[in-house]
Amino acid sequence: MALYQQQELNIYNSLSGKKEVFKPINEGNIGMYVCGPTVYSNVHLGNCRTFISFDLIFRYLKHLGYKVRYVRNITDAGHLENDADSGEDRIAKKARLEQIEPMEVVQKYTIDFHNILQKFNNLPPSIEPTATGHIVEQIEIIKEIIEKGFAYEANGSVYFDVLKFNESHDYGRLSGRKLEDMIPNTRELAAQSDKKNPQDFALWKKAEPQHIMRWPSPWSDGFPGWHLECTVMSSKYLGEQFDIHGGGMDLKFPHHECEIAQGEAATGKNPVNYWMHANMLTLNGKKMAKSTGNNILPTEIFTGDNENLEKGFSPSVARFFMLQANYRSILDFSNEALLASEKGFNRLLDAYHLLDELKPSEKSSFEVAAWKQKCYDAMNDDFNSPILIAQLFEAVKEINTIKEGKSQITAPDLEELKKTMSDFLFDVLGLVDTAEAINDDTGNKLSGTIELLIKLRAEARANKDFATSDKIRNELISLGIQLKDGKEGTVFSLD
RNA sequence: GGCAUCGUGGCCGAGUGGCUAGGCAGAGCUCUGCAAAAGCUCGUACAGCGGUUCGAAUCCGCUCGAUGCCUCCA
C-alpha cells in the first residue's frame, strides 16, 4: 500500500481560498506545473524561495509514493517591459547592454539558474521546456482561440478579448477581481494601442523592425504573448486538465488569470484543479525584485559579500531558514534570522549524528510511532514545514536525553526514529548533511587527526595539565572545530 | 483609488473558538578542573477599539499600520 493511501494530504487552493483534501485526477499520478524564471539576469534569492517551496512540495509528493511529472518552464523569449505596446524586450535589452546575442543571454542565465538551484539541493523538474522551443504550438493555440471567437487580430498582433470571454466565463475568479471593477479603474494610457479594451492581453505581438527575437506567423513576424507559453507547455505535457499549478504570488494576477482564460477559451475546460501560490521573500520589509534593486544574490549569501550580512551561510542553512516559514507566508530576510537558523540547523544535525551512538534498551520512553505520525500530520496540512521542523526538534530533545542515559529506546524504535529523521531531513526537506562532506579521504585523515588531539587532551586532563588541554581545545575552536565533552567521551563538530 | 493578504513574546516564526508549537537570544539549575556541549526550569505574547459567545489571539464590525497586485517580475 502506497503511503499516499495512508496519509490524507490537504492543499490550500488559491482558487477556492480554502484548504482542500487533495485528490489527483489519475490515482497515484500527479501533474504539476510551476512557472519558471525569465532568464535575463541572475536569479535572486526571492526567486529561489519560490522554487525551494515547490521543491519541498515535489519531494513530499514523491515521498508519499506518487508518480509526479513536474514541469517548469524557462521563459527565454523576450517580453516587453510594459504592456503599452512599446518598449524593449528585457532579454534584447540585456543583450544590447552586454553586447551579446539574445540567446547568449538566455544561455548564460539559464546555467546560472541551474547552478544555484543545485546548490540549494533542488531536484530538477521532470521536464523543463522553453518558450522558444514551443512557438509552433503557441501559434496553433492562438488559431484555436481565434476560431472560438475569443481573440482578434489587429495590425499583425493578436489580442485576447477579455470582455467577450467574460460574457460566458468568469474572468478574475482566481484573483478575486471583477471585470466591472477593473474597467473604470484603468487609466487612459492605451490611446495608441491596437487593443479593443485595456484589459485585453496579447497572444501574439508584431515585432518592430529592430526586434531581434522574432518568428513568422500567419499574422506577422513577431513573438508570442507572455501568458501563452505556460498554457501551451502545461497542456502539452500534462494534458488539458491537470492537478497542480504553482508559481509566485505576484503571478496570480494577471498571469495565472490569463492562463485560465486561455485554457478555457481553447478547450472549454478548466485547466487546473489546485492553484498554489508561494509568497514573497522580503528584504528590509520590501519585496525583493530585480527591477527595484532591492535584492540579494544567492552567491552573496554563500560568501557573505553583501552589506546586509556579517558572514556567509551555507545553502542548506539558507534553505533551512526558508523552510522554517510556511510557503504561504511572507518571509523577511535578515542576518539575525540566518544566524538563528544556522545554530538550530547544526543542533538538529548533531542530534541526528548521535543516533548512531545510542544504545538500545529493553523498552522505549519515547513513542516513536505517534511522533512519526505528527511529522506526517504537519506535512499533510498544506506542507507545513515549520511544524515538521518543530517535531524534529522534539526528537532532538529525546535523542539527547537518551544519550545522557535519562531515557530509553528499543532497537526497533531506534531504527524507526533514524529512518524517519533521515526521510524528513534529507528526502523531504532536502537538507544536506554537512558531515557527509568530510566523509572522503581527506575527511578521514582530518577526523583521524582530531581524534588524536582528543586523545592527547584526555591524557593532559588526566594529568591535570589543564594548560595543555585548554590550549588544544582553544586552538581547535579557532579553526572552527568544536570539542564536546560527554559522559561517553569527547566528540567534535565542524562549523 | 480598486482588489488581496497580513499585523503573535527581545528577534524569527506556527497556531486560528477552550487543551496556551518550535528555533534563536536571555535568566537560574544539573553536569564539568574551568568552559563548551547537553538536559531541566522560567518568560504567559497575540496592533487598537467595539460586538457575538459560558469562553476569542482565533468569528464579526470599525480604526490604525504593513505588504503585494492592479504595466514586466518568483
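The structure this text deals with has already been given above.
In every chain, residue numbers begin from 1 and rise along the written sequence. Whichever chain is written first is A, and whichever ligand is written first is 1; the rest continue in order. Local features are withheld for residues below a pLDDT of 70 in this predicted model, meaning they are given only at 70 or higher, and side-chain atom pairs are given and counted only at 80 or more; totals for whole chains, interfaces and linings count all residues. The side-chain numbers reported here are obtained from all heavy atoms of the structure, hydrogens and water having been left aside.

**Topic: the side chain of H256**
What counts as a helix is a DSSP run of H or I of at least four residues, what counts as a strand is a run of E of at least two, and both are numbered from the N terminus. Within the fold, H256 resides in helix α8 (residues 252-267). Burial classes follow relative accessibility: with a 1.4 Å probe on protein chains only, a residue under 20% of its type's maximum area counts as buried, one over 50% as exposed, and anything between as partly exposed. In this structure H256 comes out as buried when scored by relative accessible area, which is 0%. Excluding residues that lie within four positions of it along the chain, H256 makes contacts with C35, L174, H245, G246, G247, G248, L251, W275 and H277. Two residues form a contact once any of their heavy atoms are found within 4.5 Å.

**Let's talk about the nonpolar core**
Residues belong to one nonpolar core when they are buried, are Ala, Val, Leu, Ile, Met, Phe, Trp, Tyr or Cys, and are joined through side-chain atoms within 4.5 Å. Counting residues in each nonpolar core, the largest one holds 133 residues, and the members touching the most others are F333 and F383. Looking at this core element by element, the count peaks at 10 residues for helix α1 (residues 45-63). Residues lining this core come from more than one domain, with at least three contributed by each of domain 1 (3-278) and domain 2 (282-435). The contact partners of F333, leaving out residues within four places of it in the chain, are L45, L281, T282, L283, M288, I296, I301, L309, F321 and L338. With 7 residues, the next largest nonpolar core counts I450, I472, L476 and L483 among its residues. For the domain bounds, the source is a domain assignment made automatically or taken from a database.

**Describing the sheet that holds strand β13 (residues 331-333)**
Taken together, 3 strands build an open sheet; the order of strands is β12-β11-β13 and the sheet is mixed. Among the strands making up the open sheet, the edge pair consists of β12 (286-287) and β13. If DSSP finds at least two bridges between two strands, the strands pair. Judged from the 2 bridges that link them, strand β11 (residues 281-283) and β12 form a sheet pairing that is antiparallel. Counterpart to L283 in the pairing with β12 is K286.

**Notes on the packing of helix α12 (residues 368-380) against helix α14 (residues 411-428)**
Put simply, α12 and α14 touch, their axes get as near as 10 Å, and they point 15° apart. Taken together, the axes of α12 and α14 are roughly parallel relative to one another. Along this stretch, α12 crosses α14, giving a crossing that reads as left-handed. Contacts from V368, W371, K372, C375, Y376 and M379 of α12 reach α14 at D413, E416, L417, T420, M421, F424 and V428. Grouping the amino acids of the contact of α12 with α14 by side-chain chemistry returns 9 nonpolar, 1 polar and 3 charged. Inter-axis angles, ranging from 0 to 180 degrees, are taken between N-to-C directions of lines fitted to C-alpha atoms, where helices are fitted over the stretch in contact. If an angle is under 35 degrees, it is roughly parallel; if it is over 145, roughly antiparallel; if it lies from 65 to 115, roughly perpendicular; otherwise it is oblique. Throughout, a crossing is termed right-handed when the near helix is turned clockwise from the far one, and left-handed when it is turned anticlockwise from it by less than a right angle. As a working rule, the residues Ala, Val, Leu, Ile, Met, Phe, Trp, Tyr, Cys and Pro are called nonpolar, Asp, Glu, Lys and Arg charged, and the rest polar, with Gly in that last group.

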